Protein chains: 2
Amino acid sequence: MVVVTRTSPPGVPEGYDPSQYPAFAVTVDVVILTMVDDELQLLLVQRGQAPFAGMWAIPGGFKLPTETLDQAAARELEEETGVRAASLLTQFGAYGDPERDPRMNVVTVAYVAVLRDVGAIAAGTDAAEARLHPVNDVVAGRVELAFDHLRIVRDAIDRVRTDLEVTGVATAFVGSTFTLAELRAVYEAVWGVHLDSANFRRSLATNEGWVIPTGRRAPSGAAGGKPPELFRAGRAWQHGGPIRRPSSTKRK
Amino acid sequence: MVVVTRTSPPGVPEGYDPSQYPAFAVTVDVVILTMVDDELQLLLVQRGQAPFAGMWAIPGGFKLPTETLDQAAARELEEETGVRAASLLTQFGAYGDPERDPRMNVVTVAYVAVLRDVGAIAAGTDAAEARLHPVNDVVAGRVELAFDHLRIVRDAIDRVRTDLEVTGVATAFVGSTFTLAELRAVYEAVWGVHLDSANFRRSLATNEGWVIPTGRRAPSGAAGGKPPELFRAGRAWQHGGPIRRPSSTKRK
DNA sequence: AGAAGTTCTTGTCACCACGACCATAACTGT
DNA sequence: ACAGTTATGGTCGTGGTGACAAGAACTTCT
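The shown structure was predicted, so the numbers you read here are calculated from the model rather than taken from an experiment.

Engineer: So what's going on with the overall build of chain A? Which residues, and what values?
Structural biologist: Within chain A, the secondary structure is distributed over five helices and ten strands. Here chain A, with 252 residues, has 49% of them falling under the buried criterion. Summarising the internal contacts of chain A: among those between residues at least 6 apart in sequence, 61% fall at separations of at least 24. Within the structure as shown, chain A displays about 12,000 Å² of accessible surface, and the carbon and sulfur contribution to it stands at 49%.

Engineer: Can you tell me about the sheet that holds strand S9 (residues 211-217) of chain B, naming the residues and giving the values?
Structural biologist: With respect to topology, three strands assemble into an open sheet ordered S8-S10-S9 (chain B), the strand pairing being antiparallel. Strand pairing shows two members of the sheet lacking a second neighbour, strand S8 (177-178) and S9 of chain B, which therefore form its edges.

Engineer: Report on the sheet that holds strand S10 (residues 229-233) of chain A, specifying residues and quantitative values.
Structural biologist: All names here are of chain A. The strand order S8-S10-S9 describes an open sheet built from three strands, whose pairing is antiparallel. Two strands close off the open sheet at either side, each with one partner strand: strand S8 (177-178) and strand S9 (211-217). Bridge analysis of S9 against S10 gives four bridges, and the strand direction is antiparallel. Within S10, the residue paired with Ile212 across the bridge is Arg232.

Engineer: Break down the packing of aromatic side chains for me, citing the residues and quoting the values.
Structural biologist: Applying the stated criterion across every chain, the model contains six aromatic pairs over all chains. Judged by centre distance (6.1 Å) and plane angle (25°), the rings of Tyr21 of chain A and Phe62 of chain B are stacked. With Tyr21 of chain A in the segment before strand S1 (25-36) and Phe62 of chain B in strand S4 (residues 60-62), this residue pair bridges two chains. Per residue, the accessibility class of Tyr21 of chain A equals that of Phe62 of chain B, and both read buried.

Engineer: Go over the nonpolar core with me, naming the residues and quoting the values.
Structural biologist: Counting residues in each nonpolar core, the largest one holds 44 residues, and the members touching the most others are Ile32 and Leu89 of chain A together with Ile32 and Leu89 of chain B. If you list the elements that add at least two residues to this core, you get S1, helix H1 (69-81) and strand S6 (106-115) of chain A together with strand S1 (25-36), helix H1 (69-81) and strand S6 (106-115) of chain B. The residues contacting Leu89 of chain A, other than those within four sequence positions of it, are Val30, Ile32, Ala73, Ala74, Tyr111, Val112 and Ala113 of chain A. The next biggest cluster of nonpolar side chains, apart from the first, holds 37 residues, and it includes Ile152, Val153, Leu195 and Val211 of chain A.

Engineer: Could you give me a rundown of the pattern of salt bridges, with the residues and numbers involved?
Structural biologist: Side chains that differ in charge, positive against negative, can pair when their charged atoms come close. Residue and element names in this part refer to chain A. Enumeration over the complete set of coordinates arrives at 20 salt bridges over all chains. Arg84 serves as the salt-bridge partner of Glu78, at 2.9 Å between the closest nitrogen and oxygen. Arg84 gets classed as exposed once you look at its relative accessible area, which sits at 67%. With a shortest N-O distance of 3.8 Å, Glu229 and Arg201 are connected by a salt bridge. Placement of Glu229 in strand S10 and of Arg201 in helix H5 (residues 197-206) is noted, with a sequence separation of 28 residues between them. Exposure remark for Glu229: the relative accessible area of 25% places this residue in the partly exposed category. The partly exposed category is assigned to Arg201, whose relative accessible area is 40%.

Engineer: Could you give me a rundown of the side chain of Asp101 of chain B, with the residues and numbers involved?
Structural biologist: Along the chain, Asp101 of chain B falls in the loop between strand S5 (90-95) and S6. Within the structure, the side chain of Asp101 of chain B is placed 2.8 Å from the backbone nitrogen of Arg103 of chain B, a separation counted as a polar contact.

Engineer: Outline the packing of helix H4 (residues 180-190) of chain A against H5 of chain A, supporting the account with residue identities and numerical values.
Structural biologist: All names here are of chain A. In the contact formed by H4 and H5, the axes pass within 11 Å of each other and the chain directions differ by 100°. The angle between the axes of H4 and H5 places the two elements in the roughly perpendicular class. Contacts from Leu180, Leu183, Arg184 and Tyr187 of H4 reach H5 at Ser197, Phe200, Arg201 and Leu204. By residue class, the composition of the contact of H4 with H5 is five nonpolar, one polar and two charged.

Engineer: So what's going on with the confidence of the model for chain A? Residues and values would help.
Structural biologist: As a note on interpretation, predicted positions should not be read in detail where pLDDT is low. All names here are of chain A. Summary statistics for chain A give a mean pLDDT of 79 and a share of 79% for residues scoring 70 or more. The least confident element of chain A is H4, whose mean pLDDT is 80; the most confident is strand S3 (residues 56-57), at 96. Ignoring residues within four places in sequence, the model shows residues 1-18, a span with pLDDT below 50, making 45 contacts including any to other chains. Low pLDDT, under 50, characterises residues 238-252; the stretch is placed with 19 contacts to residues that sit more than four places away or in other chains. At the level of chain-chain contacts, confidence expressed as ipTM amounts to 0.73, with global pTM at 0.77.

Engineer: Break down unusual backbone geometry for me, citing the residues and quoting the values.
Structural biologist: At Phe52 of chain A, a residue that is not glycine, the phi angle is positive and equals roughly 65°. Turning to its location among the elements, Phe52 of chain A is positioned in the loop between strand S2 (39-47) and S3. In this structure Phe52 of chain A comes out as partly exposed when scored by relative accessible area, which is 30%. One non-glycine residue, Phe147 of chain B, adopts positive backbone phi at about 50°. You can see Phe147 of chain B is positioned in the loop between helix H2 (135-139) and helix H3 (149-167).

How each quantity is defined
Starting afresh in each chain, residues are numbered from 1 along the sequence in its written order. Lettering of chains starts at A and numbering of ligands starts at 1, both following the order in which they are written. Since the coordinates come from a predicted model, pLDDT governs what is reported: local features require at least 70, and pairs of side-chain atoms require 80 or more to be given and counted, while whole-chain, interface and lining totals use all residues. Neither water nor hydrogens contribute to the side-chain values; these are computed over all heavy atoms in the structure. Helix and strand assignments follow DSSP, with helices taken as H or I runs no shorter than four residues and strands as E runs no shorter than two, numbered in order from the N terminus. Only protein chains enter the accessibility calculation, which uses a 1.4 Å probe. A residue is then buried if its area is under 20% of the maximum for its type, exposed if over 50%, and partly exposed in between. By definition, residues are in contact when any of their heavy atoms lie within 4.5 Å. In these tables, accessible area is a Shrake-Rupley quantity obtained with a 1.4 Å probe, and a residue counts as shielded only by the protein chains included in the view. Here, any two strands with at least 2 DSSP bridges between them count as paired. Two aromatic rings from Phe, Tyr or Trp, using only the six-membered ring of Trp, form a pair when their centres are within 6.5 Å; if the ring planes differ by under 30 degrees the pair is stacked, by over 60 it is edge-to-face, and anything between is tilted. Each nonpolar core is a collection of buried residues, namely Ala, Val, Leu, Ile, Met, Phe, Trp, Tyr and Cys, held together in the definition by side-chain atoms within 4.5 Å. Salt bridge, as applied in this entry: a Lys or Arg side-chain nitrogen positioned within 4 Å of an Asp or Glu carboxyl oxygen. A 3.5 Å cut-off defines polar contacts: any pair of N or O atoms within that distance qualifies, except that in protein one atom must be a possible hydrogen donor and the other a possible acceptor, and neighbouring residues in sequence count only when both atoms are side-chain atoms. Between N-to-C directions, angles span 0 to 180 degrees; the directions come from axes that are lines fitted to C-alpha atoms, helices contributing only their stretch in contact. Relative orientations are named as follows: roughly parallel for angles under 35 degrees, roughly antiparallel for angles over 145 degrees, roughly perpendicular for angles from 65 to 115 degrees, and oblique for any other angle. For this scheme, ten residues count as nonpolar: Ala, Val, Leu, Ile, Met, Phe, Trp, Tyr, Cys and Pro. Four count as charged, namely Asp, Glu, Lys and Arg, and the remainder, Gly too, count as polar. Scored from 0 to 100, pLDDT records how confident the predictor is in each individual residue.

Here it is, written out as structure tokens:
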């Protein structure tokens, strides 16, 4: 760690310690994804203050010196939207380009979480409104986002996409009990692909411990059909456990 | 983004803008991994100044307001160790626990890169020394690291391990031309597994574009044996291109 | 030189996961 | 009762993979 000796920009504190250092504001921003109507949705707040007043943004705010980044993310999310997701938040990137905030030097740490149910959404005091938007509208540019939040959202979706591919943790999207059709809809929504329902069932059934049948059945949907079986998540994908093992040999 | 209104900690600038905000120092830290003698090694610098003077640490330092995080990481790495790896640095985490630096509030953004050849290592002015250490010594606690750098190193290795698993980008470790045995040694070193050389060859050969035979052969090793074929990296794993596609169906 | 040892390379075989697709079961509304 | 819809189970062929055997090419030892 090297001490930077340069002429301080206006506002940098003096005599804070033996060292001079450039001062930054540190913020956290949170991307909340959820499934509504078989579509991937994104939680946004409408900014009430300049800059970018009136535009949509992902919830977030300043980190306090007394809290961790994880705590700051959970706190800001709840303050601005009323949504609680502390244990599900995953840090996935930091953004610190010099011009990303027109006011000052801001470095932000971004979090993402996928929720089966966001619960009640309540806009905070500084936000004009808070609600879900389809991610397709956002990434297609039909909803203009403040700051570099579009880039952050894109990165978040990329992260979720590959996470799903590797660990297979899709149960985070659905409820505590779910049908295979619901689970399949998650995969199809996240990376726009059609999966064969029969093969999907088989691939989960062969891998022991992914989903556990409850024995109960859900009522048929509006269009009828055989009542689907209800499952709950197995312990195979509790928290970052490796699923696919690399190919290996035994001897030598 | 919400404006935090609280009594400023000592040293927070006043009148910088309409808003008050907590001031942080932002640093970047870089984990450099390389293979030496079929062993995974880690680039460390010995701290010349308090705190943690004399202890080993991963290279890093303060971000400047005029540069991006990526630029800061590349600059600090070269300043402290003489190693250049700008295009290979990958951001993988941010650390901001309140007590992680005893002097002040510091949030650090961590980068990792895997190099086939670190080149000449030259300790910077503030570092007493800079050299490679076997990662096994570090994670086993035989080399004491400053700050929370042990945690950062552990996370970096985890990241590389899974990256290798998903994208298969192992050519970053080896030279521009390499034998399959060298490439296989990378996999075996990163996640401690024995791979069958015949199957390893086949899995690379069937996947078009991973490795390209040069037609030339390397000289035999010290123990003799048939001279191995020389390969160079294919374009399949240039920069984050997806390798494994999820299973899908065509119709409906 | 010949033998022995080492490494690289090609080949074979069995198995299993997977995509594609069909058939049947179970339920809805008309 | 009947058509429409969804869930579930089964079959078949293909391809990737682990295990292993055998040959090719080179070095070192005797």
